[in-house]
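Listed below are the residues making up each chain.
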Amino acid sequence: MVSKAASETLAEAGPPPAAADGKYLDSNVSGAAKILVVGPLGVGKTTLIGTVSEIEPLSTEASMTRAGARVDPYAGDSGKKTTTVALDFGRLTIDGDLVLYLFGTPGQQRFLPAWRDLAKGALGALALVDSRDLAASFDALDNLEDLDLPFAVAVNVFPSGPRYDADDIRTALDLLPGTPLVTCDARDRASSIRALIALVRHLIHVATEPS
Amino acid sequence: MAERPEVPRASAIRPYVITRGRTESEGEPLSWESLVMTAEAAFPASLQPEHLAILKHCEGLISVAEVAAHLGQPPSVAQVLLSDLLRWGLIVTRPPIPPAERADVTMLRKVLHGLESCL
Ligand SMILES: Nc1nc2c(ncn2[C@@H]2O[C@H](COP(=O)(O)OP(=O)(O)OP(=O)(O)O)[C@@H](O)[C@H]2O)c(=O)[nH]1
Ligand SMILES: [Mg+2]
């Protein structure tokens, strides 16, 4: 699997892990930061996190109360008051003393309550867009705008999807001129890292530009 | 925050009622990316199995979300149990970078350089 190979490469290059199995962080780590990876079903969130992470990606099910229990094609039992959101995450230790967590979360509007918790304190988000279905990302982008979380957009290009040029995508997604737009192959580590770099450059720009 | 956490006695440890009624932990909740680790203190014999189980995953520095994943529990459950352990002085925490420093450009540049060095 791509993620396995990627984490092995990292283990070779980086300092020895704190524990033999890499479960624990190096004891010099003094702080944590997080970035959200968001997007519609099947867009490549888990793949990207696994590609970048130094540990095998972990997953957890966050339960949350549903405000309006409307009929939902993905929920088997529409009468349920609570629903669970599957979240994947991975981590990357930076300079031996800062750890970056990547949390992957589905984009559908109904998951917005779960996002609020997760978005608190997040540096920003990488919004993945499926080249086969641009409209599937609208909800995720709406959520990010609602939460006022700075983001960059990475289009995962699938072979069966049409080829768009950047301007078409910007128009279709109604992106602000300053929002970075990159293409990405979530299965490729360098490509995924470059998408994150585009995001962090944008975050630096947002943080330093006079408002 | 208490300087010297009191040593938990049996009477100080509430019965295990995690999700029934106790969804909010006392004080500022630990965030998902808060880092925790067991303290030097010896575990009291009276500790509930659920708390002991969680301590087994905190023998080194680790995030709340990772503890939850290793336990196979939702983060909200790990947050409550870890808050107990923190209150009793059995774990220590390194809080995440506070939101006020969110836009800390020094930190963002550090993340940027870290990512660039992965290429
Ligand atoms: N061509 C191509 N395929 C990709 C890319 N990213 C992921 N895939 C493939 O798409 C499929 C779905 O990827 P996942 O990472 O599971 O997607 P996800 O967003 O986590 O999906 P859900 O968790 O179901 O919402 C997998 O078979 C991946 O190998 C990409 O950038 N390009
Ligand atoms: Mg997934």
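All values derive from a computational prediction rather than experimental measurement. (Residues numbered from 1 in each chain as written. Chains lettered and ligands numbered in written order. Predicted model: local features only at pLDDT ≥ 70, side-chain atom pairs only at ≥ 80, totals over all residues. Heavy atoms only, no water.)

Participant: Quick question: what am I supposed to make of the packing of aromatic side chains here?
Facilitator: Each aromatic ring pair is characterised by the separation of its centres together with the angle its planes make. All names here are of chain A. Considering all chains together, one arrives at three aromatic pairs over all chains under this definition. Relative to F103, the ring of F89 lies with its centre 5.2 Å away and its plane at 35 degrees, an arrangement referred to as tilted. Within this pair, whereas F89 is found in strand β3 (residues 82–94), its partner F103 is found in strand β4 (residues 98–106), the two being separated by 14 residues in sequence. On the accessibility criterion, F89 (0% relative accessible area) is buried. (Phe/Tyr/Trp six-rings, centres within 6.5 Å; stacked < 30°, edge-to-face > 60°. Helix = DSSP H or I, 4+ residues; strand = E, 2+ residues; numbered from the N terminus. Buried < 20%, exposed > 50% of the residue type's maximum accessible area, 1.4 Å probe, protein only.)

Participant: Where do I start with the pattern of salt bridges in this structure?
Facilitator: Between side chains of opposite charge, a pair can form as their charged atoms come close. Enumeration according to the criterion identifies ten salt bridges over all chains in this entry. Between A:D95 and B:K110 there is a salt bridge, with its nearest N and O atoms 3.7 Å apart. With one member in each of two chains, A:D95 in the loop between β3 and β4 and B:K110 in helix α4 (residues 105–116) form a pair that bridges those chains. Classification of A:D95 by relative accessible area gives exposed; the value is 59%. Given a relative accessible area of 22%, B:K110 falls into the partly exposed group. For the salt bridge of A:R201 with B:E116, the shortest nitrogen-to-oxygen distance reads 2.7 Å. Taken together, the positions of A:R201 in helix α6 (residues 189–208) and B:E116 in helix α4 put the pair across two chains. Since its relative accessible area comes to 28%, B:E116 is described here as partly exposed. Shared partners join several salt bridges into a network, and the residues in it are A:E54, A:R91 and B:E66. (Salt bridge = Lys/Arg side-chain N within 4 Å of Asp/Glu carboxyl O.)

Participant: Looking at this model, I keep getting lost on the side chain of A:H202. Mind explaining?
Facilitator: Residue and element names in this part refer to chain A. With respect to the helices, strands and loops of the structure, H202 is situated in helix α6. With relative accessibility at 13%, the residue H202 sits in the buried group. Residues contacting H202, with those up to four places away along its chain left out, are F151, G178, T179 and P180. (Contact = heavy atoms within 4.5 Å.)

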